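# Fold and geometry: a report
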Amino acid sequence: MPPKVTVSGLSIAFGTTRALDRVSLTVNDGEFVSIVGPSGCGKSTMLNVIAGLLPPSEGGTRVAGIDGNGPGSRIGYMFQKDTLLPWATALENVCLPMDVKGARDWHKARALMQLVDLAGFEAHYPRQLSGGMRKRVQLARLLAQDPEVLLMDEPFGALDAQTRLIIQEEFLKIWERQRTTVLFVTHDLQEAIAMSDKVVLISARPGRIKASYPVDLTRPRHMEDVLAHPRFIALFQEIWASLKHEVLAARERPA
Ligand SMILES: Nc1ncnc2c1ncn2[C@@H]1O[C@H](COP(=O)(O)OP(=O)(O)OP(=O)(O)O)[C@@H](O)[C@H]1O
Ligand SMILES: [Mg+2]
């Protein structure tokens, strides 16, 4: 089966800033791939190109067999920042992707609220929810699209450590049931390893693929077990040595 997501020879320049340099990677059908790399190395830029929001300077992307991907491809994108509509209730926010297609399905939206453990909060507005709850509404909205591919940009980055651990557990559980293809950007290396089938390390700007690490931990996984697993610890030490090098390099590089 061909890969679900293909990035080939992708370069992006913003004026004189070279953000990405000849990046190639693939994500197979049903695979969970995480991207780690220092701040500013081009992770969000890469997701934007894959989502069709930004044209590549060189090279290209393919999603589910569609080049450069127009509106036809079913991509769910969870942006780095909170994107809930403040004037719509949680349930209405979850319905949004269905509204766009002209097929609002309250039943499905309620089921998704339940899936992310928010039954009872359907009528709440985003301002009445905690940060973690808002992230879960975003997750439900993402799943309401029935996406073939999930692009997630630091989806749990803004949460406190305890809430993050709970949401990671929940998301892992949902994902292991559905096995949607995921490309996941995170600064949290533990999260990247614990969730993924593969961790891809991008270098300091201009972003290049530095290494790719298969994660050979069995599934289903539970965060607390995984974090204590000797294989997890060995992988963490190996990837962190390399990532740390890039983070330090990025700090010394002018903007
Ligand atoms: N629209 C834009 N115009 C000009 N420069 C941009 C634009 N978007 C991104 N850049 C630059 O491209 C580089 C990569 O940015 P990007 O947001 O992709 O990094 P990132 O890896 O997602 O960082 P972070 O981990 O902090 O989110 C940065 O140097 C940034 O300043
Ligand atoms: Mg980013």
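Residues numbered from 1 in each chain as written. Chains lettered and ligands numbered in written order. Predicted model: local features only at pLDDT ≥ 70, side-chain atom pairs only at ≥ 80, totals over all residues. Heavy atoms only, no water.

## Thoughts on the pattern of salt bridges
All chains considered together, the criterion is met by 11 salt bridges. With a closest N to O distance of 2.8 Å, E148 and K4 form a salt bridge. Of the two residues, E148 is situated in the loop between α4 (131-144) and β7 (149-153) and K4 in the segment before β1 (5-14); the sequence distance between them amounts to 144 residues. Given the relative accessible area of 26%, E148 is considered partly exposed. For K4, a relative accessible area of 16% gives the class buried. A salt bridge links D188 to R164, with the nearest nitrogen and oxygen atoms 3.0 Å apart. Taken together, the residues span a long stretch of sequence, with D188 in the loop between β8 (181-185) and α6 (189-195) and R164 in helix α5 (residues 161-178) at a distance of 24 residues. One continuous salt-bridge network, built from bridges that share partners, spans R18, D21, R22 and R208. (Salt bridge = Lys/Arg side-chain N within 4 Å of Asp/Glu carboxyl O. Helix = DSSP H or I, 4+ residues; strand = E, 2+ residues; numbered from the N terminus. Buried < 20%, exposed > 50% of the residue type's maximum accessible area, 1.4 Å probe, protein only.)

## A short note on the packing of α4 against α5
Closest axis-to-axis distance for the α4/α5 pair is 11 Å, and the angle between their directions is 15°. As the angle between them shows, α4 and α5 are arranged roughly parallel. As for the relative orientation of α4 and α5, their crossing is right-handed in sense. Across the interface between the two elements, G132, K135, R136, L139 and L143 from α4 touch T163, I167, E170, F171, I174 and Q178 from α5. Grouping the constituent residues of the contact of α4 with α5 by class yields 5 nonpolar, 3 polar and 3 charged. (Axes fitted to C-alpha atoms, helices over the stretch in contact; angles between N-to-C directions. Parallel < 35°, antiparallel > 145°, perpendicular 65-115°, else oblique. Left-handed = near helix turned anticlockwise from the far one by under 90°. Contact = heavy atoms within 4.5 Å. Nonpolar A, V, L, I, M, F, W, Y, C, P; charged D, E, K, R; others polar.)

## Regarding the sheet that holds β1
A sheet is described by the order of its strands in space; here 4 strands give the open sequence β2-β1-β4-β5, paired in antiparallel fashion. The open sheet has two edge strands, β2 (17-27) and β5 (66-67), and neither has a second partner. The pairing of strand β4 (residues 58-63) with β5 spans 2 bridges and is antiparallel. Bridging across to β5, V63 finds its partner in I66. (Pairing = 2+ DSSP bridges.)

## Overview of the side chain of E170
Take E170: it is sitting in helix α5. Of the buried charged residues, E170 lacks a salt bridge, with R136 as the closest side chain of opposite charge at 4.0 Å. (Lys, Arg positive; Asp, Glu negative; His and termini not counted.)

## With respect to the nonpolar core
In this structure, V94, M152, F171 and I193 are the most contacted members of the largest nonpolar core, which totals 50 residues. The dominant element in this core, judged by the number of residues it contributes, is α4, at 7 residues. Counting the residues that make up this core, at least three belong to each of domain 1 (14-74 + 148-252) and domain 2 (85-146). Those residues within four positions of F171 in sequence are excluded, and the remaining contacts are F32, L139, L150, M152, F156, F184 and M195. Residues V33, Y77, V149 and V185 belong to the second largest nonpolar core, which totals 25 residues. (Core = buried A, V, L, I, M, F, W, Y, C linked by side-chain atoms within 4.5 Å. Domains from an automatic or database assignment.)

## As for the domain arrangement of the chain
The domain architecture assigned to the chain consists of domain 1 (14-74 + 148-252) and domain 2 (85-146). Each partner contributes residues to the interface: domain 1 has 13 residues there, and domain 2 has 12 residues. Carbon and sulfur atoms supply 71% of the area that domain 1 and domain 2 bury against each other, a total of about 1100 Å² over both sides. By the criterion of area lost to domain 2, the three top residues of domain 1 are L150, E170 and I174, representing 35% of everything that side buries. Taken together, the connections running from domain 1 to domain 2 amount to 0 salt bridges. Here domain 1 is connected to domain 2 by 2 residue pairs in polar contact (both at pLDDT 80 or more). Those elements that provide at least two residues to the side of domain 1 that touches domain 2 are β7 and α5. At 7 residues, α5 tops the list of elements feeding residues into the side of domain 1 that touches domain 2. The residue inventory of the side of domain 1 that touches domain 2, partitioned by class, reads 7 nonpolar, 2 polar and 4 charged. (Buried area = accessible area lost by both parts, 1.4 Å probe. Polar contact = N/O pair within 3.5 Å; in protein donor to acceptor, adjacent residues only side chain to side chain.)

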